[in-house]
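Fold and contact review
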4 protein chains.
Amino acid sequence: APSIDIVSRALQTDMVIPNWVTFVDQIRTLFNECKEIREGQVATYIPQLARQSPNLWAVSLCTVDGQRASFGDVKHPFCVQSVSKAFNYAIVASDLGADVVHSYVGQEPSGRLFNEICLDSTNKPHNPMVNSGAIVITSLIKSKTNMADRFDFVLNQYRKIAGNEFIGFNNATFLSERATADRNYALSYFMKENRCFPKETESLTDALDFYFQLCSVEVTCESLAVMASTLANGGVCPITNETCVDPNPCRDVLSLMYSCGMYDASGQFSFNVGLPAKSGVSGAMIVVVPNVMGICLFSPPLDSLGNSCRGVAFCKKLVSTFNFHNYDCLVHNSNIKSDP
Amino acid sequence: APSIDIVSRALQTDMVIPNWVTFVDQIRTLFNECKEIREGQVATYIPQLARQSPNLWAVSLCTVDGQRASFGDVKHPFCVQSVSKAFNYAIVASDLGADVVHSYVGQEPSGRLFNEICLDSTNKPHNPMVNSGAIVITSLIKSKTNMADRFDFVLNQYRKIAGNEFIGFNNATFLSERATADRNYALSYFMKENRCFPKETESLTDALDFYFQLCSVEVTCESLAVMASTLANGGVCPITNETCVDPNPCRDVLSLMYSCGMYDASGQFSFNVGLPAKSGVSGAMIVVVPNVMGICLFSPPLDSLGNSCRGVAFCKKLVSTFNFHNYDCLVHNSNIKSDP
Amino acid sequence: APSIDIVSRALQTDMVIPNWVTFVDQIRTLFNECKEIREGQVATYIPQLARQSPNLWAVSLCTVDGQRASFGDVKHPFCVQSVSKAFNYAIVASDLGADVVHSYVGQEPSGRLFNEICLDSTNKPHNPMVNSGAIVITSLIKSKTNMADRFDFVLNQYRKIAGNEFIGFNNATFLSERATADRNYALSYFMKENRCFPKETESLTDALDFYFQLCSVEVTCESLAVMASTLANGGVCPITNETCVDPNPCRDVLSLMYSCGMYDASGQFSFNVGLPAKSGVSGAMIVVVPNVMGICLFSPPLDSLGNSCRGVAFCKKLVSTFNFHNYDCLVHNSNIKSDP
Amino acid sequence: APSIDIVSRALQTDMVIPNWVTFVDQIRTLFNECKEIREGQVATYIPQLARQSPNLWAVSLCTVDGQRASFGDVKHPFCVQSVSKAFNYAIVASDLGADVVHSYVGQEPSGRLFNEICLDSTNKPHNPMVNSGAIVITSLIKSKTNMADRFDFVLNQYRKIAGNEFIGFNNATFLSERATADRNYALSYFMKENRCFPKETESLTDALDFYFQLCSVEVTCESLAVMASTLANGGVCPITNETCVDPNPCRDVLSLMYSCGMYDASGQFSFNVGLPAKSGVSGAMIVVVPNVMGICLFSPPLDSLGNSCRGVAFCKKLVSTFNFHNYDCLVHNSNIKSDP
């Protein structure tokens, strides 16, 4: 709305971050400051996560006009884990429409633990970012075709969203995840009893295998930053200019990431940082500055709520430095923040 | 961030809504469409609310550059009720700083009923928009002075935020509210047991009286729209150009309104409408389009969750018509929405 | 304790109900009165239960000295369903001792629904009468042998407890139960995550199959009354004089039936009736008058909490007629109740 | 029921404990064994409780035929605290009838903390032994007369139940209790909102004052043992032979003490000890062996759930030594327990 005719011209003629070199210098400073943080514990519930080095640290940015900046271990592959929840939602909502998807899953923060065995007052999972909701979302993806085709479909979508950059698969992680899946089986049987799944879902083992397979997709900090930038850019990949996610699902996934993306710290994160984000147990984290850029952060040590310590710290520094907070005032601001 | 140098110039030289006449025509259409809605029930728990006509319907806008538009019963006085929670928070956070305020109250959506007798895991109220949090917030306002001065202080702040437009007081509403206050007394004693109040709070009767008095402040749709526009404008009243709320508290109250402002429909409202809003049991409602405008809606019939039926319907139409949703993409949008 | 030397002589020389003919006449009257009750719904979640006639009604008694009385459809076979929970607990506590058993399951009424997915504050099921506790109890029975031998072991114990009267197996019920087991699978995976099962439990499918098989054991009202009388008689079957349940487990199962045996009506039932009882979804119900007799009631229509309507009504009439309530005073009583 | 014609003769001609001297010796042994227990903490939330010596230890018995035995500090006065809940219920149920009383309060164990702010599914307090229920019970006592007469009425009833032995009042305890009453005020306002009180209850301050006054009634171990023996004897005081509590309320209060009398340890206590009991924060505790005797135990150090450590230990030893457990089998017992 802010005098969009002017803004649009600006966006078309200028770059979204006019002073790129200065901006990248500031980001490098934040990257180095966060490197000093030694808090948190690497997840240990499966060996594939436990073996990750706590020293890995990577930051990668991709703007909506395709400018890139990367620092640290940005080529190191890691599993997307729960970050997949955001993209799976975007993919299925583009495929089926929000109405169909939200007849199966709500939009509310649950106020409960992310893996708690509970449904909302209409017997649906609270939202697509908690485990129950994410499992149902996964079960909706191309639900009438076979498992191999369903996996291929999602992987292709991930590749499009990532502008054809690195997307792999870590089979050992998948096999470990499915072997420690008691809670997710409990959740799924509870949801089956409450008829939360689409009619086509016959085998919970298949449904959960698919869910764990998508958690075990591998990316690098660089490729995941491109995926985030696609969400920042209304669903159009800035690298390929291809439309991967429809506008409304893209808007909606940002809403859900904003309110529910950081596990049980979501409320605090959206208050303090004011940006849509999604974290995963591997230490991966994406942050979206809508209409500006996607950011990927990767550092395995997690805080007590399951979010990357360095990742969260970086985000706080980011919004202290730049006027990226959702509700920063563009005119009467506090004069301390720079406008990149 | 979006090429702010250009945007800023635009904001300084042009009006934020360039085609004002067209825009006002579109708003008039939405106003008339919503007039047809006959759903909802006027609140009846006190006679002062029960007597409100269900036919009252008013919409008033005020942009950050002071342009105004009003439709319907915009001079009819009504009590702010829970809309006061937003302004009380903004006032006390400007006075004491966010750190002090948030040592008493959290920032998370509670996932519970707005008046449920519960605290968060640190024994604080979940946020300043649920009753428990709002009562504590009120108790923090000029807590060391006498009741008369405290009331005067807030009323003066309200007047500044409203650009000196109509601010009154409905004593009958106050007297009725305090006479039906069992739940709020239960909440307050529960909080007292958990040491939620500042040391200075000696009398719960005084604390709740003050809380109810601020709920009983009277406004009109016009004056409350100016109050909303001050929040849209980073805390600077667009009518007087006076700074009334500090930038950070202004940003923070918008965050809290976004996630917690619409009672137990907050998650759904922020997902569907994507704008910070706060409703009250009188049928009052404010909506903020950050950096653009404040809107006040007034219609007494409420839905089952306590929000004005016409008010909510107006907001949904608003974001279907204009690209005002928080996460509407400015470039790759769906081409259906107009850009006012 | 009440002058037990005298009581003991009485119990050894006289019959526990001296005026048997009068007593049986009174019971017949109660039986006929309850026949008029037409409330309740037959369970329908599996066809084998749905097909039960709502008109079936049977009452059978067996005293601790082996006197018998039977009214109605007392030879009609039905599945024990949840009544098995009481006997399974008694069997495993006799086999392993209370200490081992209660290291896996608590003794408290849960205050929650009988099939709610929750554990107590030490992460154990609340008690052996809720589904979670009963599943764990079943998993403890001869846990190191094969499935066939485990089933045979329990069936043999049931036969001993029933004085070799009718014990059958309804395979169709078993197959239907296991096919509608979502909630119990959810519970079991939740418990597996919380390490509620013994180490030997490798397959939840096996564990639940065994649990459902024991629910599908068939009895008649007559044979189940003998089973109840064994519990009334300190674990010694009054028909065979064989010790089937050890004294402490027998005492303990009565405690648990008293506090937790009637699903979510347990508190009200123990208050009003004051006798240990256990009901099942087939319409089966046992009631124990300790040191006096076991009673079996059978009538398929259930009240909203899952207990047989006629069964509960019969029990209320029983304690209004006789001084059988746990806390009826033997000397200063209300003079209205007869002393059989 | 057990051959009651014979039992009754025994009860009328013999003493209920035939070998009194031996029995008293065994009790003395248990008293001395428990004296060694040094666990637990004296309650400190008010100074009057905090000042109680942790060394105080008293046991007093009174049989239904009036035989007495006392050990330790049996003349030391202490406040009944929550033990009053049992007698207040018995008094009001005798006065108004169970139907009236239970239209205000349930009979179920709550499965929650004794002072939790919650009601049952019909919006009544769960039972008369949790704080919410006890406050409502108190409000029902002679609800239409003035405060002084209401207090006198209860005190007179207490004196009758205690066979005119010591009943006093500790005004300092009352004043301290009312000054630390936040939780009980929260509970009471919550109940007022839910219309839990009788119409006559206008002032919550009066209602809570009365409740705290009854908690502040003073007894000695000896006089409270007589009160317990009246409950053991069907409501007839064994010392005066006066009927103080009607038979049904007497039966009902024993049911409630059995299921809900020991705070959050009630389930475990009834499972292990199998006797109706009620404890208070002063370290007081009564235990009833129905038809045999009342027992008072007094020792201020409490376990984590608020029950007297020595008191609970004494009860466990008692039922290991004698066949007093509710469900001990009188014939086929474990041969270890003596039959006093």
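Everything below is about the structure printed above this text.
Structural notes, computed from the coordinates. Remember, it's a predicted structure, so these values are computed and weren't measured experimentally.

**Side note on the overall build of chain A**
Looking only at helices and strands, chain A has 14 helices and eight strands in total. On C-alpha atoms alone, chain A measures out to a radius of gyration of 19 Å, which is about the 20 Å that the 2.2 N^0.38 rule sets for 340 residues. Out of the 340 residues belonging to chain A, those deemed buried represent 65%. Partitioning the intrachain contacts of chain A with sequence separation of at least 6 by distance along the chain shows that 68% fall at a separation of at least 24. With an accessible surface of roughly 11600 Å², chain A has 47% of that area assigned to carbon and sulfur atoms.

**A few points about the layout of surface pockets**
For the largest pocket, the calculated volume is near 1400 Å³. What lines the largest pocket is a set of 44 residues, among which A:Gly111, A:Arg112, B:Ser110, B:Arg112 and B:His126 lie closest to the centre. Of all the secondary structure elements, the ones that give two or more residues to the lining of the largest pocket are helix 12 (247-260) and helix 13 (266-272) of chain A together with helix 9 (182-193) of chain B. Looking at the lining of the largest pocket element by element, the count peaks at three residues for helix 13 of chain A. Partitioned by chemical class, the residues of the lining of the largest pocket number 18 nonpolar, 15 polar and 11 charged.

**Details of helix 12 of chain A**
Residues and elements named next belong to chain A. With 14 residues, helix 12 ought to run about 20 Å at 1.5 Å a step, and its terminal C-alpha atoms sit 20 Å apart, in line with that. Within helix 12, 12 of the 14 residues are buried, which leaves it mostly tucked inside the rest of the structure. For helix 12, the full list of buried residues reads Pro249, Cys250, Arg251, Asp252, Val253, Leu254, Ser255, Leu256, Met257, Tyr258, Ser259 and Cys260.

**Concerning the packing of helix 9 (residues 182-193) of chain C against helix 10 (residues 204-215) of chain C**
Residues and elements named next belong to chain C. With their axes 11 Å apart at the nearest point, helix 9 and helix 10 run at an angle of 130 degrees to one another. It follows from the interaxial angle that helix 9 and helix 10 lie oblique. Helix 9 and helix 10 meet at a crossing whose hand is right-handed. Contact residues: helix 9 offers Asn184, Tyr185, Ser188, Tyr189 and Lys192, while helix 10 offers Leu204, Thr205, Leu208, Tyr211 and Phe212. Here the contact of helix 9 with helix 10 is built from residues that sort into six nonpolar, three polar and one charged.

**With respect to the sheet that holds strand 5 (residues 217-219) of chain A**
Residue and element names in this part refer to chain A. Within the open sheet, the three strands sit side by side as 3-5-4. Their pairing is antiparallel. Edge positions in the sheet fall to strand 3 (78-79) and strand 4 (167-169), since each of these pairs with one other strand and no more. Where strand 4 and strand 5 come together, three bridges link them in antiparallel fashion. When the sheet's bridge partners are listed, Ile167 is paired in strand 5 with Val219.

**Quick word on the pairing of strand 1 (residues 58-63) of chain A**
All names here are of chain A. With respect to burial, strand 1 is a largely interior element, six of its six residues being buried. Neither face of strand 1 is exposed, since Ala58, Ser60 and Cys62 on one face and Val59, Leu61 and Thr63 on the opposite face are all buried. Sheet topology note: the strand 1/strand 2 (residues 68-72) ladder contains five bridges and is antiparallel. Opposite Leu61, over in strand 2, you have Ala69 as the bridge partner. Between the end of strand 1 and the start of strand 2, which pair antiparallel, lie four residues, with Gly66 showing a positive phi angle near 90 degrees. Bridge count for strand 1 against strand 8 (residues 293-298) is six bridges, and the pairing is antiparallel. Bridge assignment links Val59 to a residue of strand 8, and that residue is Leu297.

**Concerning the pattern of salt bridges**
For the structure shown, the criterion picks out 44 salt bridges over all chains. Linking B:Lys160 and B:Glu242 is a salt bridge whose minimum nitrogen-to-oxygen distance equals 3.8 Å. Within this pair, whereas B:Lys160 is found in helix 7 (residues 147-161), its partner B:Glu242 is found in the loop between helix 11 (221-232) and helix 12 (247-260), the two being separated by 82 residues in sequence. Here the salt bridges do not stand alone but share partners, grouping A:Arg251, A:Asp252 and B:Asp328 into one network.

**What about the arrangement of the chains?**
When C-alpha atoms are compared, chain B and chain C, though not in contact, are closest at a spacing of 17 Å. With no contact formed, the shortest span from any C-alpha in chain A to any C-alpha in chain D equals 17 Å.

**A closer look at the packing of helix 4 (residues 83-96) of chain A against helix 12 of chain A**
Helix packing geometry: the angle between the two helix axes and the distance between the axes. All names here are of chain A. Packing of helix 4 against helix 12 brings their axes to within 9 Å, and their N-to-C directions diverge by 150 degrees. With respect to their mutual orientation, helix 4 and helix 12 come out roughly antiparallel. Pair helix 4 / helix 12 crosses with right-handed handedness. Across the interface between the two elements, Ala86, Tyr89, Ala90, Ala93 and Ser94 from helix 4 touch Pro249, Asp252, Val253, Leu256 and Met257 from helix 12. Of the residues in the contact of helix 4 with helix 12, the class split is eight nonpolar, one polar and one charged.

**Some thoughts on the sheet that holds strand 3 (residues 78-79) of chain D**
Residues and elements named next belong to chain D. Pairing is antiparallel in the open sheet, where three strands are placed in the order 3-5-4. The open sheet terminates on both sides in strands that have one partner only, identified here as strand 3 and strand 4 (167-169). One ladder, built from two bridges, connects strand 3 with strand 5 (residues 217-219); its direction is antiparallel. Considered in strand 5, the bridge of Phe78 is made with Val219. Strand contacts of helix 11 (residues 221-232): strand 3, strand 4 and strand 5, with the helix running at about 100 degrees to strand 5, the strand carrying the most contacts.

**Regarding the nonpolar core**
In this structure, A:Leu224, B:Leu224, C:Leu224 and D:Leu224 are the most contacted members of the largest nonpolar core, which totals 445 residues. Every residue in contact with B:Leu224, bar those within four places of it in the chain, is listed here: B:Phe78, B:Val80, B:Val83, B:Phe87, B:Val219, B:Ala284, B:Ile286 and B:Cys296.

**Re helix 8 (residues 171-179) of chain B**
All names here are of chain B. All of the buried residues in helix 8 are Thr173, Phe174, Ser176 and Glu177. Tucked inside the fold, the buried residues of helix 8 contact helix 3 (47-50), strand 3 (78-79), strand 4 (167-169) and helix 10 (204-215). For helix 8, the N-terminal capping position is held by Asn170, with its side-chain oxygen 3.2 Å away from the main-chain nitrogen of Ala172.

**Structural notes on the packing of aromatic side chains**
Tallying each qualifying case throughout the model produces 64 aromatic pairs over all chains. Between C:Trp57 and C:Phe314 the ring centres are 6.3 Å apart and the planes differ by 70 degrees, which places this aromatic pair in the edge-to-face class. On the criterion of sequence distance, the pair formed by C:Trp57 in the loop between helix 3 (47-50) and strand 1 (58-63) and C:Phe314 in helix 14 (residues 309-321) is long-range, its members being 257 residues apart. Here C:Trp57 matches C:Phe314 in class, with each residue buried. Against the face of C:Phe153 rests C:Lys142, its NZ or CZ located 4.8 Å from the ring centre. Stacked on the ring of D:Tyr263, the Lys or Arg D:Lys278 has its end atom at 4.6 Å from the ring centre.

**Some remarks on the state of the cysteines**
This model, assessed by the stated rule, comprises zero disulfides over all chains. Distance from the sulfur of B:Cys79, which forms no disulfide, to the nearest cysteine sulfur (B:Cys215) is 8.8 Å. In this model C:Cys221 remains outside any disulfide bridge; the closest cysteine sulfur is found in C:Cys296, 3.7 Å from its own.

**What about unusual backbone geometry?**
Positive phi values are uncommon outside glycine, yet B:Gln81 reaches one of about 45 degrees. Relative to the elements of secondary structure, B:Gln81 occurs in the loop between strand 3 and helix 4 (83-96). Given a relative accessible area of 4%, B:Gln81 falls into the buried group. Backbone geometry at C:Asn164 places phi at a positive 65 degrees, although glycine is not the residue there. Residue position: C:Asn164 is located in the loop between helix 7 (147-161) and strand 4 (168-169). Since its relative accessible area comes to 59%, C:Asn164 is described here as exposed.

**Remarks on the side chain of C:Gln157**
Its location among the elements puts C:Gln157 in helix 7. Dropping the residues within four chain positions of it, C:Gln157 is found in contact with C:Ile91 and C:Cys244.

**Points about the environment of A:Pro238**
All names here are of chain A. Position of Pro238 among the secondary structure elements: in the loop between helix 11 (221-232) and helix 12. Separated by 70 residues in the primary sequence, Pro238 and Gly168 place their C-alpha atoms 21 Å from one another. With sequence-adjacent residues up to four places away left out, Pro238 is seen in contact with Thr63, Val64, Gly66, Ser229, Thr230 and Asn233.

Reading the values: the criteria
- Residues numbered from 1 in each chain as written.
- Chains lettered and ligands numbered in written order.
- Predicted model: local features only at pLDDT ≥ 70, side-chain atom pairs only at ≥ 80, totals over all residues.
- Heavy atoms only, no water.
- Helix = DSSP H or I, 4+ residues; strand = E, 2+ residues; numbered from the N terminus.
- Rg over C-alpha atoms; globule rule 2.2 N^0.38 Å.
- Buried < 20%, exposed > 50% of the residue type's maximum accessible area, 1.4 Å probe, protein only.
- Contact = heavy atoms within 4.5 Å.
- Areas by Shrake-Rupley, 256 points an atom, 1.4 Å probe, with all protein chains shown as cover.
- 1 Å grid on protein atoms, 1.4 Å probe; cavity = no way out; pocket = protein on both sides within 12 Å on 5 of 7 lines; lining within 4 Å.
- Points joined across faces, edges and corners; volume = space filled by probe spheres on them.
- Nonpolar A, V, L, I, M, F, W, Y, C, P; charged D, E, K, R; others polar.
- Expected span 1.5 Å × (residues − 1).
- Axes fitted to C-alpha atoms, helices over the stretch in contact; angles between N-to-C directions.
- Parallel < 35°, antiparallel > 145°, perpendicular 65-115°, else oblique.
- Left-handed = near helix turned anticlockwise from the far one by under 90°.
- Pairing = 2+ DSSP bridges.
- Salt bridge = Lys/Arg side-chain N within 4 Å of Asp/Glu carboxyl O.
- Core = buried A, V, L, I, M, F, W, Y, C linked by side-chain atoms within 4.5 Å.
- Polar contact = N/O pair within 3.5 Å; in protein donor to acceptor, adjacent residues only side chain to side chain.
- Phe/Tyr/Trp six-rings, centres within 6.5 Å; stacked < 30°, edge-to-face > 60°.
- Lys NZ or Arg CZ within 6 Å of the ring centre and 35° of its normal.
- Disulfide = S-S within 2.5 Å.

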